[in-house]
Amino acid sequence: MTTTTDTTQPLVHAVNVTKAFHGNEVLKGIDMDVRKGEVVCLLGPSGSGKTTFLRCINQLETIDGGRIWVDGDLMGFDDRGGTLHHLTDRQVAAQRRDIGMVFQRFNLFPHMTAIQNVMEAPIQVKGGRKSQVKERALELLGSVGLADKCQAYPAQLSGGQQQRVAIARALAMEPKLMLFDEPTSALDPELVGEVLRVMRDLAKNGMTMIVVTHEMGFAREVADRVVFMDGGVVVEQGPPSEVIDNPQHQRTKTFLSRMR
Ligand code: ADP
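What you see is a predicted model; the values in this text were computed from it and never measured. (Residues numbered from 1 in each chain as written. Predicted model: local features only at pLDDT ≥ 70, side-chain atom pairs only at ≥ 80, totals over all residues. Heavy atoms only, no water.)

## Comments concerning helix H6 (residues 189–204)
Working step 1: Between its terminal C-alpha atoms H6 stretches 23 Å, which fits the 22 Å expected from 16 residues at 1.5 Å a residue.
Working step 2: Among all positions in H6, only Leu191, Val192, Glu194, Val195, Leu196, Val198, Met199, Leu202 and Ala203 are buried.
Working step 3: Those residues of H6 hidden inside the fold are in contact with strand S3 (39–43), helix H5 (159–171), strand S9 (177–181), strand S10 (208–212) and helix H7 (216–222).
Working step 4: Of the residues flanking the end of H6, it is glycine 206, one or two places downstream, whose phi is positive at about 95°. (Helix = DSSP H or I, 4+ residues; strand = E, 2+ residues; numbered from the N terminus. Expected span 1.5 Å × (residues − 1). Buried < 20%, exposed > 50% of the residue type's maximum accessible area, 1.4 Å probe, protein only. Contact = heavy atoms within 4.5 Å.)

## Some details on the layout of surface pockets
Over the atoms, a rolled probe matching the size of one water molecule traces out where space is still vacant.
Working step 1: Considered as a void within the structure, the largest pocket measures approximately 630 Å³ in volume.
Working step 2: Every residue lining the largest pocket is counted, 23 residues in all, and those nearest its centre are Ile99, Met101, Ala121, Arg169 and Met173.
Working step 3: For the lining of the largest pocket, the secondary structure elements donating two or more residues are helix H2 (89–96), strand S8 (99–102), helix H3 (114–124) and H5.
Working step 4: Residue composition of the lining of the largest pocket, by class: 14 nonpolar, five polar and four charged.
Working step 5: Along the wall of the second largest pocket there are 18 residues; nearest its centre are Gln59, Thr62, Ile63, Gly76 and His86.
Working step 6: Sorting the residues of the lining of the second largest pocket by element identifies strand S4 (65–70) and H2 as the ones contributing at least two each.
Working step 7: A breakdown of the residues in the lining of the second largest pocket according to their chemical character gives seven nonpolar, six polar and five charged. (1 Å grid on protein atoms, 1.4 Å probe; cavity = no way out; pocket = protein on both sides within 12 Å on 5 of 7 lines; lining within 4 Å. Points joined across faces, edges and corners; volume = space filled by probe spheres on them. Nonpolar A, V, L, I, M, F, W, Y, C, P; charged D, E, K, R; others polar.)

## Here we look at the environment of glutamine 9
Working step 1: Among the structural elements, glutamine 9 can be located in the segment before strand S1 (12–21).
Working step 2: C-alpha separation for the pair glutamine 9 and threonine 51, spaced 42 residues apart in sequence, amounts to 24 Å.

## Quick look at the sheet that holds S9
Strand pairing in a sheet relies on backbone hydrogen bonds. The paired strands run either parallel or antiparallel.
Working step 1: Strand order in the open sheet formed by six strands is S8-S9-S10-S3-S11-S12, with mixed pairing between adjacent strands. The open sheet is flanked by S8 and strand S12 (233–238), the only strands paired with a single partner. Across the sheet, the axes of successive neighbouring strands diverge by a mean angle of 20°, strand direction being ignored.
Working step 2: Judged from the four bridges that link them, S3 and strand S11 (residues 225–230) form a sheet pairing that is parallel. Paired with leucine 43 across the bridge in S11 is phenylalanine 228.
Working step 3: Seen against the sheet, helix H1 (residues 50–57) touches S3, S8, S9, S10 and S11 and runs at an angle of roughly 150° to S9.
Working step 4: Running over the sheet, H6 touches S3, S9 and S10 and is turned about 145° from S10. (Pairing = 2+ DSSP bridges. Axes fitted to C-alpha atoms, helices over the stretch in contact; angles between N-to-C directions.)

## What to know about the packing of H5 against H6
Working step 1: Running from N to C, H5 and H6 cross one another at 20°; their axes reach a closest spacing of 8 Å. Here H6 runs roughly parallel to H5, going by the angle between their axes. Regarding H5 and H6, the two cross each other, and that crossing is right-handed. Contacts from Gly159, Gly160, Gln161, Gln163, Arg164, Ile167 and Leu171 in H5 reach Leu191, Glu194, Val195, Val198, Met199 and Leu202 in H6.
Working step 2: By residue class, the composition of the contact of H5 with H6 is seven nonpolar, four polar and two charged. (Parallel < 35°, antiparallel > 145°, perpendicular 65-115°, else oblique. Left-handed = near helix turned anticlockwise from the far one by under 90°.)

## Section: the site of the ligand
Working step 1: Every residue close to the ligand is listed here: Phe21, Val26, Pro45, Ser46, Gly47, Ser48, Gly49, Lys50, Thr51 and Thr52.
Working step 2: Take glycine 47: an N or O atom from its main chain is 2.7 Å from an oxygen atom of the ligand.
Working step 3: Measuring from an oxygen atom of the ligand, one finds a backbone N or O atom of threonine 51 at 2.8 Å.
Working step 4: Its free accessible area being 560 Å², the ligand has 62% of it covered by the protein chains. (Near = heavy atom within 4 Å. Polar contact = N/O pair within 3.5 Å; in protein donor to acceptor, adjacent residues only side chain to side chain. Areas by Shrake-Rupley, 256 points an atom, 1.4 Å probe, with all protein chains shown as cover.)

## Quick word on the side chain of threonine 213
Working step 1: Its place among the elements puts threonine 213 in the loop between S10 and H7.
Working step 2: A polar contact is formed between the side chain of threonine 213 and the backbone nitrogen of glutamate 215, at a distance of 2.9 Å.
Working step 3: Among all residues touching threonine 213, those that are not within four sequence positions of it are Cys41, Leu42 and Leu43.

## Side note on the nonpolar core
Working step 1: Counting 52 residues, the largest nonpolar core has Leu43, Leu141, Ile167, Met178, Phe180, Met199 and Met209 as the members making the most contacts within it.
Working step 2: When residues in this core are grouped by element, the largest group, eight residues, is from H6.
Working step 3: Counting 26 residues, the second largest nonpolar core, distinct from the first, contains Val17, Leu54, Leu179 and Val212. (Core = buried A, V, L, I, M, F, W, Y, C linked by side-chain atoms within 4.5 Å.)

## Looking at the UniProt feature "domain: ABC transporter" (unreviewed entry) in the protein chain
Working step 1: This chain's UniProt record puts "domain: ABC transporter" (unreviewed entry) on residues 12–256.
Working step 2: When the span residues 12–256 is considered, its composition is 36% helix and 26% strand, and the gap between its end C-alpha atoms is 27 Å. (UniProt positions renumbered as here; feature names shortened; annotations may be inferred.)

Printed below as a string of structure tokens:
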């Protein structure tokens, strides 16, 4: 695969990805393609490998087998010249820069204000000009509804507000792809909606997103495709109207009946 000129090429192309922890194989050959602009929700019972797969895309875990390409770049390897070489840590960091990730726990820097959190990576990693980075950070905080909280520290913000800052922070690096790992599951129920709303807006604006979630309403409404995983394999996938409303496999049916 080469770079971005081929518009038919999926943004994420994962082939036969395997991963084990201490001999326990948690990904047993995952194939997944995600097109540019597509929103894919990963559903499945706890322990089915959803988070691990997301972390593999971002190289927070190294895969044991298979290959993952993001926008034509083979993750973790240099595949030019016929032989595969592991990338250096610096090259891996460069690949990771194009991918935004939002975790269950917000992981903001506690000693920095909201705007400092959003500005940190563009300045440190990209070496952006401070005035420009600040302008963009203000814009991003505005887009997640937090224009008035720029100077607040994480401890002064609700969980929902912190998660929205975390989303703005990820977007500040202008990612090609956003990965969300159960972004609302640590939130009080009344704060879930405001975070989902921001994610819905992002999807509407064309961001390519892979979202691990238990929010069936969100998946039904926003996902172009739902992928149901269980036991380290993809059991079934398709539009939400098929997978959620008319699942074919018993494992999917059982999972969904427990969610209701
Ligand atoms: P899910 O996101 O579907 O709940 P995970 O990917 O978090 O599933 O976990 C899949 C399996 O991998 C679980 O059995 C989990 O305990 C195991 N696992 C995940 N990360 C690690 C790790 N760093 N070390 C050991 N086992 C892990």
